[in-house]
Amino acid sequence: MAADTRRESDVSRDSDSGRGSATDGSTRGAESHGLGPVPLPAARRFRPLLGLLVPAALVGVWHLSVATGVFPAYQLPTPLRVAETLYGLAASGELWGHVAITVQRVVLGAGLGIVVGILFGTATGLSRTASDLLDPLLQSLKNIPSLAWVPLFLLWFGIGETAKVLLIAVGAFFPVYLNLSTGIAAVDEELLEVAEVYDLGRVESLRRVVFPAALPDLLVGIRGGVGLAWMFVVAAELIAASQGVGFLLSDGRTLARPDIIVGSILLFAFLGNCSDLAVKEVRDRVVGR
Amino acid sequence: MSSDGDANVSPAAADADGASAEADPVLAVDDLRKRYDDTVALDGVDLAVADGEFVAVVGPSGCGKSTLLRVLSGLEAEFGGRVAVDGTDVRDGGSDAVGMVFQEPRLLDWADLRENVAVGLPADVDPDAPAARELVGDLIETVGLDGFADSHPDELSGGMAQRVALARGLAYDPSVLLLDEPFSALDRLTKADQQDHLLDVWEARGTTVVLVTHDVEEAVYLADRVVVLGGQPGTVEAVVDVDVDRPRERAAPDLVALRREVTAALGR
């Protein structure tokens, strides 16, 4: 065991002497160069920007194909036209109302779905009986397409906010439930034995072993759930809404305004991406060290 | 923890003589029989370990060594015969007084060392209390990992991780500390270091230790008494007293002779 600690101190002594020799210019300074911070090569710093190259080219192709008449403008507007329309909606203030209500629905629906998903996932993950009772049903319900729920939810809850939030909650529920349930059931048996040998007790072993072990799975589930919440909000807003980005989308079709349709689609892409990045950031902070 | 430590007989006093174990054994195993479905793993094992004694259990793979530890630690509820710790049957809570260091470190890789060691603290101790924090800090120092309290297991070498597991076992302040081949995955040099370190900790704290190993050299070097398990199903083939003063020399002739005796008892 002394070997390990010795190794540690060797490392620190190395870097110390390296720093010293760099200032007094002794020959040992040559070794320390490898240990010092190396500036990122310029090429690597711009690497993430590579991902923008293909979309930018696509916008160029898009513009050219409309400008040269491959697609008629009443079917596909130019990128500039879409940008102008979005800017106009934003400037008039109309856009924010749509975005706000859509984001509100997603937040409420995803929140509800995640909470219920955690409850059911914990129950079925921990209890064999709960799993035998509930899992087959939930596994088959998850295969129902989002649009199939819409008429039923409208019938039950009317066309108000309740129906939409609940529909989105259904979408967000399944990934959370499935991942957490599997995650908890798959917690390393060896760690559970440790908890048993050291008499942690039911509550403490859940708090200190089971939940932390299943946390990465839960976060994967939440990421999937938030993604599905965006799918379900479109389903809800396309069919029964008088406000929201999904409503804007269907309104664009009614008004024969392809610029509004494409603009709304891009807006969904942007909002969905933002929420995904946010969840991913949370996950990286919690799980990745 | 300290109060128990005071009550313990010093390891030197608890001599290797089988007689001392008969006085008032901390761990008493009588006619232990254990079967898994159709396979009989242990068939009539007897063992008595005195307070502060260091006992090694050796045997070939599949002789039931690990099964024995699982029974002692309360991980197996079904077995025949009697197993008692401090006079309490392990099925009636006796296993609460048993700590175990597994073959693998089995650490929580999301938690730092402090939290990992604190897992071993008895249930009625609040891990955030100042006294508990101090104890955990002391234990981390005891196993030679001072400065690593806030590190995570993935930053440690195999030997260091196994010492965290040892600290966790010591935090439990068990009447008997079980060690299940804790050094088997380590390279030769690290292994020797870890063995000496274990002896230091044992001598300083007077913890009663039962070490399971397949390494005869390790068993003879460390233990007061070597119990040879053998056969299928497993039974006690022989008990070899290691009546050699510490510190021991690994290559000393009397140790080598005892090693031969144990090896012979193993039927090799």
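Residues numbered from 1 in each chain as written. Chains lettered and ligands numbered in written order. Predicted model: local features only at pLDDT ≥ 70, side-chain atom pairs only at ≥ 80, totals over all residues. Heavy atoms only, no water.

An unreviewed UniProt entry lists chain B under the name Nitrate/sulfonate/bicarbonate ABC transporter ATPase, from Halorubrum distributum JCM 9100.

The name that an unreviewed UniProt entry assigns to chain A is Binding-protein-dependent transporter inner membrane component, with the source organism given as Halorubrum distributum JCM 9100. Under the heading Sequence similarities (unreviewed entry), UniProt records this for chain A: "Belongs to the binding-protein-dependent transport system permease family." (UniProt positions renumbered as here; feature names shortened; annotations may be inferred.)

1. Describing the interface of chain B and chain A
Counting from both sides, the interface comprises 36 residues of chain B and, opposite them, 21 residues of chain A. Across the chain B/chain A interface, buried area totals approximately 2,400 Å², and carbon plus sulfur atoms make up 56% of it. When the area that chain B buries against chain A is broken down by residue, the three leading residues are Arg-106, Trp-110 and Val-119 of chain B, summing to 26%. Where chain B meets chain A, there are 3 salt bridges. The residue Glu-193 of chain A makes a salt bridge to Arg-106 of chain B at a minimum N-O spacing of 2.9 Å. Linking chain B with chain A are 6 residue pairs in polar contact (both at pLDDT 80 or more), by the criterion used here. Listing elements by their share of the side of chain B that touches chain A, those giving two or more residues are strand S6 (98-101), helix H6 (158-171) and helix H7 (188-205) of chain B. Top element by residues in the side of chain B that touches chain A is H6 of chain B. It accounts for 6 residues. When its residues are assigned to classes, the side of chain B that touches chain A shows 16 nonpolar, 11 polar and 9 charged. (Contact = heavy atoms within 4.5 Å. Buried area = accessible area lost by both parts, 1.4 Å probe. Salt bridge = Lys/Arg side-chain N within 4 Å of Asp/Glu carboxyl O. Polar contact = N/O pair within 3.5 Å; in protein donor to acceptor, adjacent residues only side chain to side chain. Helix = DSSP H or I, 4+ residues; strand = E, 2+ residues; numbered from the N terminus. Nonpolar A, V, L, I, M, F, W, Y, C, P; charged D, E, K, R; others polar.)

2. With respect to the sheet that holds strand S4 (residues 80-85) of chain B
All names here are of chain B. Ordered in space as S2-S1-S4-S5, the 4 strands form an open sheet in which the pairing is antiparallel. Among the strands making up the open sheet, the edge pair consists of strand S2 (39-49) and strand S5 (88-89). With 2 bridges joining them, S4 and S5 adopt antiparallel strand pairing. By the bridge assignment for S5, Ala-84 is matched with Asp-89. Strands in contact with helix H3 (residues 65-72) are strand S1 (27-36), S2 and S4; relative to S1, the strand with the most contacts, it is inclined by about 115 degrees. (Pairing = 2+ DSSP bridges. Axes fitted to C-alpha atoms, helices over the stretch in contact; angles between N-to-C directions.)

3. Brief notes about the side chain of Thr-124 of chain A
All names here are of chain A. With respect to the helices, strands and loops of the structure, Thr-124 is situated in helix H6 (residues 94-126). Residue classification places Thr-124 among the buried residues on the basis of a relative accessible area of 4%. At a separation of 3.0 Å, a polar atom in the side chain of Thr-124 contacts the side chain of Ser-181. Beyond its immediate stretch of four places on either side in the chain, Thr-124 contacts Ala-130, Ser-131, Leu-134, Tyr-177 and Ser-181. (Buried < 20%, exposed > 50% of the residue type's maximum accessible area, 1.4 Å probe, protein only.)

4. A closer look at the nonpolar core
Residues Phe-54, Val-226 and Val-262 of chain B are the most contacted members of the largest nonpolar core, which totals 51 residues. Among the elements that make up this core, the one with the highest residue count is H6 of chain B (8 residues). Setting aside residues no more than four positions away along its own chain, Phe-54 of chain B makes contact with Leu-198, Leu-199, Trp-202, Val-209, Leu-211, Leu-222, Ala-223, Asp-224, Arg-225 and Arg-246 of chain B. Residues Val-99, Leu-138, Leu-267 and Phe-268 of chain A belong to the second largest nonpolar core, which totals 45 residues. (Core = buried A, V, L, I, M, F, W, Y, C linked by side-chain atoms within 4.5 Å.)

5. Details of the UniProt feature "domain: ABC transmembrane type-1" (unreviewed entry) in chain A
When the UniProt feature table is mapped onto this chain numbering, "domain: ABC transmembrane type-1" (unreviewed entry) sits at residues 95-278 of chain A. Secondary structure across residues 95-278 of chain A divides into 88% helix and 0% strand, with the first and last C-alpha atoms of the span separated by 22 Å.

6. Some details on the pairing of S6 of chain B
Residue and element names in this part refer to chain B. Residues Val-98 and Met-100 point to one face of S6 and Gly-99 and Val-101 to the other, with burial holding for every one of them. Pairing of S6 with strand S7 (residues 176-180), which is carried by 4 bridges, proceeds in the parallel orientation. Across the sheet, Gly-99 pairs through a bridge with Leu-177, a residue of S7.

7. Some remarks on the packing of helix H11 (residues 201-239) of chain A against helix H12 (residues 245-254) of chain A
The relative placement of two packed helices comes down to the angle between their axes together with the axis-to-axis distance. Residue and element names in this part refer to chain A. It is the contact of H11 with H12, at a shortest axis distance of 7 Å, that shows an interaxial angle of 50 degrees. Judged by the inter-axis angle, H11 sits oblique to H12. Note that H11 runs across H12; the crossing there is right-handed. Mapping the contact onto sequence places Val-234, Glu-237 and Leu-238 in H11 and Val-245, Gly-246, Phe-247, Leu-249 and Ser-250 in H12. (Parallel < 35°, antiparallel > 145°, perpendicular 65-115°, else oblique. Left-handed = near helix turned anticlockwise from the far one by under 90°.)

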